[in-house]
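# Structural overview
As a plain string of letters, each chain reads:
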Amino acid sequence: MPAAENARPTHESVVPPTGVRPARFRPADGATDAATLDLDGTWRFRLFDEAVTGADPADAGESWDAIEVPGHWQLTGAPDAWPYGKPAYTNVLFPIPVDPPRVPRANPTGEYRRTFTVPASWRDGGRVVIRFDGVDSWFEVAVNGRVLAQSHGSRLPTEVDVTDALVDGDNLLAVRVTQWSALTYVEDQDQWWLSGIFRGVTAQHRPAGGIEHVTLHADYDHVTGDGTLRVEVEGERTDAVVRIPELGVETTAGRAVRVPGVEPWSAESPRLYDVVVDTGSEAVTLRAGFRTVAVVDGVFTVNGTAVKLYGVNRHEFEPTRGRAVTPETMLADVLLMKRHHVNAVRTSHYPPHPHFLDLCDEHGLYVMDENDLETHGFEPLGWRGNPTDDPTWEPVLVDRVTRMVRRDAHHPSVVIWSLGNEAGPGRNLAAMSAAIRALDGTRPLHYEGDWASEHVDMYSRMYPTSEEVALIGRGHEGAWPDGAVDARRRTLPFVLCEYAHAMGNGPGGLTDYIDLVDAHPRLMGGFVWEWIDHGIATRTPDGTPFFGYGGDFGEELHDGVFIADGLLLPDRTPSPGLVELAAVYAPVRIRPVGDDLEVLNRYAFTTTAHVRLVWTLVADGLTVASGEVDHVLAPGASVVVSPATVLGDALDPVDPRATVWFVLRALPRDASAAFSGGSLGAGQVLVRGAAALAPATGTPVRTAVGHRVGPVELDASGRLVAIGGTPVRLARADAWRAPTDNDRIRSWYDAIGDDEAWTRAGLSRLHERVDTVRREGDALVVTARTAGAASDCGLDVRYEWRAVDDRTADLVVRLTPSGRWPGSVARLGWLLALEQDDAGDVVVDWAGLGPHESYADSTRAALAGRWQHSVDALQTRYTRPQENGARRGVTTATVGLAAGPLTVAAGAVRVGGRDVPGFELTARPWSDAALAAADHPHELTPDGLLWLHLDAAGHGLGSAACGPGVLPNAALHPTTATLHLRLTA
Ligand code: IPT
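Keep in mind that this is a model prediction, so the values were computed, not measured.

## What about the nonpolar core?
W393, Y499, V528, W531, L581 and Y585 are the most contacted members of the largest nonpolar core, which has 87 residues in total. Built from parts of two domains, this core gets at least three residues from each of domain 1 (3-207) and domain 3 (307-583). The residues contacting V528, other than those within four sequence positions of it, are G311, V312, N313, Y499, A500, A502, L510, L567, L581 and Y585. With 63 residues, the next largest nonpolar core counts V782, L815, V825 and V904 among its residues.

Encoded structure:
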């Protein structure tokens, strides 16, 4: 290697990019009239196992492989036969020895080649620049064999001036990309390790006198209603003409101009105005949104009004493409967010593809734009050697925030800058913060990793308990040791940069947090962790497709299913968690207050003039009356809707035995607007619980083999053997569920996880011993004890069978815990396994809450009605199989068995002495044991049985996988339970 080459920074150098142009704003595609050339497409590629590849940048690689740019080399090719390595997942831990800035010699390194031809006109004047929007992790750029630049910052732009290296005709562009570099130590985000040129590459003509950079200020004064526009231009011509054609405004760059009567931008009304900046040599059209963000008296405001952030954390992800997301996917994400009433995104944990921000501007989402910085892998080392606190790293970290701010500051959607994620405390935070403030004083700063919050404008935490959030909301949080720091922090608004870990079935308890956010001005909102499961599309050796998670690709070290913790399943199917989130984030909040419903307009700027408030009276699932109430609520205003007043005599004709709900929905007047559940909010209140079932007056019959009670056959010992001719393989009390991810992991705040406690108590291996069978009057009474090996805790069970007629039997199941139980129990109920071929096709029709699954702490989206699904459709295929699919508040369910329908109607259901409206229903074509044992959905196969859970109650979901477990208001404790069911077959 020539001496000069040795002097170049390498992938192990801790220096900002070299040979690059200053970062600049990124105009939207087509927004500049300067010419650009798309360099995406097929490139030549060769993968080496060391950073020193020996490949000559002048070698065009004609014999090499072809690869698509943008993309990750690990995901190139067929999903079961990737030729260039495999994806690997760790969350916190580095998959390489922690030895900064050194990285292993074994360092997959891609050599990319392509040629491009620059139009002759480009070379008559101005410069030619190659722009990379994202390359992971370190790269070196050469043109026609001349090495020009070394860069990094995987999710940040790099521009290289290649003018002096160009020739007429074909130019050879060579890019060497290493997987590991010194910068790996500051890019330890919780995601797949995936490398390569994964965002677009363009050649751009920078005309002489063109616009090198634009700073756009478009403020809104909520007192006068005026906007102020000021555009600063960097380049040879700083005096560009600035026009807002729609408003007839024309001014010069560098001057502030008042724009009376503009419509302000907000996520609710994302009003944009074209602003044309023209130097004569180049005209750029920016999409300006007039808006002002400020923290006023400790409250986060937009345009002078307190705004709450109902947010999600979004990583960029597609199951076949990793972080090389397409514009279609970016749009899908934005529209899915809007549809589910999300109004804010934290771009965890790096600046997103810039087009995503264009979409947020246009569709209206508040963005916390996060720097590409995470050093989490130093935490297990007690933060020893953390780059955040090492002055050597300061220039690199300052460079990163600088590039983020210069790239993105013209976006109205960006309302907060974040210094990074999980990078610990350290002296470089001050430098980063100062660098951002010097560039842009118009947005507050965020950083969670240092709870002192000294260098930022909001106090931020992840996964605190709701009790702690309530204290913070009231300003009663514990003191910070340094009095001055403490005093300042108390003046700051509070944000949950992460809460409600949406891993597997969950999160539970969303309402508990969001009610606090709504109640306390200081609480500015929160961002659920996270938007999507990063399951990678792959296949088994026999070709069965599935979504892989950590450990599926032979990683030496991995964090398993922590990569599948999103509100969307990997294929972007909304999970029940997202449907619940939509109900909780809904702009029109409707919730019971005593016997009434309170309707709150959560919009900050918008009245509810576009909303119809439609009520229905639902009796045993059927709508028996409906109407509309007429209220237009100002932003922040609320009204109480009282069924007693609204219903008039609508209740009179309703069957007095029915369970009756009053359901109120906020529907968009524009029926074409697509929202989760079709609504802008909904709530319900129980008007009347079910009356007791009419007494069963029939008599059990002795048979040759045992007993018959209506359609139910029992053997001589009292064991259930058939219902309506359908053989019963198993019937017993149950207290267990296939653990959810949240059950499996001990919460931050508990000594033991639920799953571990349940397993220790034997609940995962329950069997039932039938003790006695005898007649008590007209009842056949069977007693039993349900318990698991090696445990002394169990359920004393009493079954009371009564005949109604030939087709109908009543069953009262009474459960009494005995022995030493853990603090919680998964469910209290009755389990039936009915012989049934094609159980997945069996149709279940129920009256109760639906149509989606619901749990004790995730039930805002479930509304009273009558619903129907096949057993297959009742299943949620979580990326790792686990408990799913419960339907609560069921008063009647009909299961379409092959031998004829089986109807189960609820009588009294009592838990711990409290009445509950209806039972919880779960139906599966496989057992809970099989569900618990499966690692991926495709491993589950129907076993010839229909497994039916009829439960008095179930435990909530919580967020224990990261944060608190099930909150007390949704925890199921071992207690007595009674379930009165009427079975008709
Ligand atoms: C938190 C991380 O910020 C986030 O990236 C993700 O890894 C999440 O955890 C777990 O899924 S940090 C953790 C120590 C709370």
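## Quick word on the sheet that holds strand β38 (residues 622-629)
The strand order β38-β37-β40-β41 describes an open sheet built from 4 strands, whose pairing is antiparallel. In this open sheet, the two strands that pair with only one neighbour each are β38 and β41 (682-688). Going across the sheet, the axis of each strand differs from the next one's by a mean of 20°, ignoring polarity. Of the pairings in the sheet, the one linking strand β40 (residues 660-668) to β41 comprises 6 bridges and is antiparallel in character. Its bridge partner being in β41, W661 is matched across the sheet by L686.

## A few points about the site of the ligand
Of all residues adjacent to the ligand, which total 15 residues, the nearest are D190, H349, E422, E498 and H501. The contact in question runs from an oxygen atom of the ligand to an N or O atom on the side chain of H349, over 2.7 Å. About the coverage of the ligand: the protein hides 91% of its 390 Å² of free accessible area.

## Regarding the pairing of strand β28 (residues 414-418)
With 5 of 5 residues buried, β28 lies mostly within the body of the structure. Bridging between strand β27 (residues 366-370) and β28 involves 4 bridges; their strand directions are parallel. Looking at the pairing, M368 lines up with I416 of β28. Following the chain from β27 across helix α4 (residues 394-408) to the adjacent parallel β28, one finds a crossover that is right-handed. The pairing of β28 with strand β29 (residues 445-446) spans 2 bridges and is classified as parallel. Note that in β29 the partner of W417 across the bridge is L445. Each parallel crossover has a hand, and for β28 linked through helix α5 (residues 428-439) to β29 it is right-handed.

## Focus on the UniProt feature "domain: Beta galactosidase small chain/" (unreviewed entry) in the chain
Taking the numbering used here, the UniProt-annotated feature "domain: Beta galactosidase small chain/" (unreviewed entry) corresponds to residues 708-984. The span residues 708-984 shows a helical share of 8% and a strand share of 49%, and its end C-alpha atoms are spaced 14 Å apart.

## Side note on the sheet that holds strand β39 (residues 638-641)
Adjacent strands of a sheet pair through backbone hydrogen bonds, lying either parallel or antiparallel. Taken together, the 3 strands give an open sheet; going across it, the order is β35-β36-β39, and neighbouring strands pair in antiparallel fashion. Of all strands in the sheet, those bounded by a partner on one side alone are β35 (588-593) and β39. The mean inter-strand angle of the sheet, taken between neighbouring strand axes irrespective of direction, is 25°. As judged from the 6 bridges shared by β35 and strand β36 (residues 596-601), these two strands associate in the antiparallel manner. Bridging across to β36, V593 finds its partner in D596.

## A look at the environment of E628
Relative to the helices and strands, E628 resides in strand β38. Each C-alpha atom of the pair E628 and V618 lies 15 Å from the other, and the pair is 10 residues apart in sequence. Residues contacting E628, with those up to four places away along its chain left out, are R612, L613, V614, W615 and R669. At 3.2 Å, the side chain of E628 and the side chain of R612 are in polar contact.

## Details of the domain arrangement of the chain
Under the domain assignment, the chain is made up of domain 1 (3-207), domain 2 (213-293), domain 3 (307-583), domain 4 (587-688) and domain 5 (701-841 + 871-984). The C-alpha-based centres of domain 1 and domain 3 are spaced at 26 Å. Contact with domain 1, which involves 53 residues of that partner, is made by 55 residues of domain 3. For the pairing of domain 1 and domain 3, the buried interface totals around 4,700 Å² over both sides, and the portion due to carbon and sulfur atoms is 61%. The interface formed by domain 1 and domain 3 holds 5 salt bridges in total. As a salt-bridge pair, E316 and R199 come within 2.8 Å of each other at their nearest N and O atoms.

## Points about the packing of aromatic side chains
Aromatic ring pairs are reported here in terms of the distance separating the ring centres and the angle at which the planes meet. All chains considered together, the criterion is met by 22 aromatic pairs. Taken together, a centroid distance of 5.7 Å and an interplanar angle of 75° make the contact between Y273 and F290 edge-to-face. Pair noted here: Y273 is in strand β20 (residues 273-278) and F290 is in the loop between β21 (283-288) and β22 (293-296), with a separation of 17 residues, a long-range link. Like Y273, the residue F290 is buried in the burial classification. Pairwise contacts between aromatic rings join W43, F45, W73, Y84 and Y112 into one cluster. The ring of W451 has R461 sitting right over it, with the charged end atom 3.7 Å from the ring centre.

## Observations regarding unusual backbone geometry
Cis geometry marks the peptide bond from V69 to P70, where omega comes out at 0°. By secondary structure assignment, the location of P70 is in the loop between β3 (65-69) and β4 (88-90). The residue after P100, namely P101, is reached through a cis peptide bond having omega 0°. Note on placement: P101 falls in the loop between β4 and β5 (109-117). Even without glycine at this site, W383 takes up a positive phi of about 65°. Position of W383 relative to the elements: it lies in the loop between β27 and α4. A relative accessible area of 22% places W383 in the partly exposed class.

## Looking at the side chain of E140
Inspection of the secondary structure assignment puts E140 in strand β8 (residues 138-143). Within polar-contact distance, the side chain of E140 engages the side chain of R8 at 3.0 Å. Here the side chain of E140 touches R176 through a polar contact of 2.8 Å, side chain to side chain. Contact partners of E140, with chain neighbours within four places excluded, come to R8, P9, V147, A149, Q150, A174, V175 and R176.

## Here we look at helix α2 (residues 327-339)
The first and last C-alpha atoms of α2 sit 18 Å apart over 13 residues, in line with the 18 Å expected at 1.5 Å per residue. On its buried face, α2 sits against β25 (309-313), β26 (344-346) and α3 (354-363). Note on α2: the residue one or two positions beyond its end, H341, has a positive phi of about 65°.

Calculation notes
Residues numbered from 1 in each chain as written. Predicted model: local features only at pLDDT ≥ 70, side-chain atom pairs only at ≥ 80, totals over all residues. Heavy atoms only, no water. Core = buried A, V, L, I, M, F, W, Y, C linked by side-chain atoms within 4.5 Å. Buried < 20%, exposed > 50% of the residue type's maximum accessible area, 1.4 Å probe, protein only. Domains from an automatic or database assignment. Contact = heavy atoms within 4.5 Å. Pairing = 2+ DSSP bridges. Helix = DSSP H or I, 4+ residues; strand = E, 2+ residues; numbered from the N terminus. Axes fitted to C-alpha atoms, helices over the stretch in contact; angles between N-to-C directions. Near = heavy atom within 4 Å. Polar contact = N/O pair within 3.5 Å; in protein donor to acceptor, adjacent residues only side chain to side chain. Areas by Shrake-Rupley, 256 points an atom, 1.4 Å probe, with all protein chains shown as cover. Right-handed = clockwise from strand over helix to strand, strands pointing away. UniProt positions renumbered as here; feature names shortened; annotations may be inferred. Buried area = accessible area lost by both parts, 1.4 Å probe. Salt bridge = Lys/Arg side-chain N within 4 Å of Asp/Glu carboxyl O. Phe/Tyr/Trp six-rings, centres within 6.5 Å; stacked < 30°, edge-to-face > 60°. Lys NZ or Arg CZ within 6 Å of the ring centre and 35° of its normal. Expected span 1.5 Å × (residues − 1).

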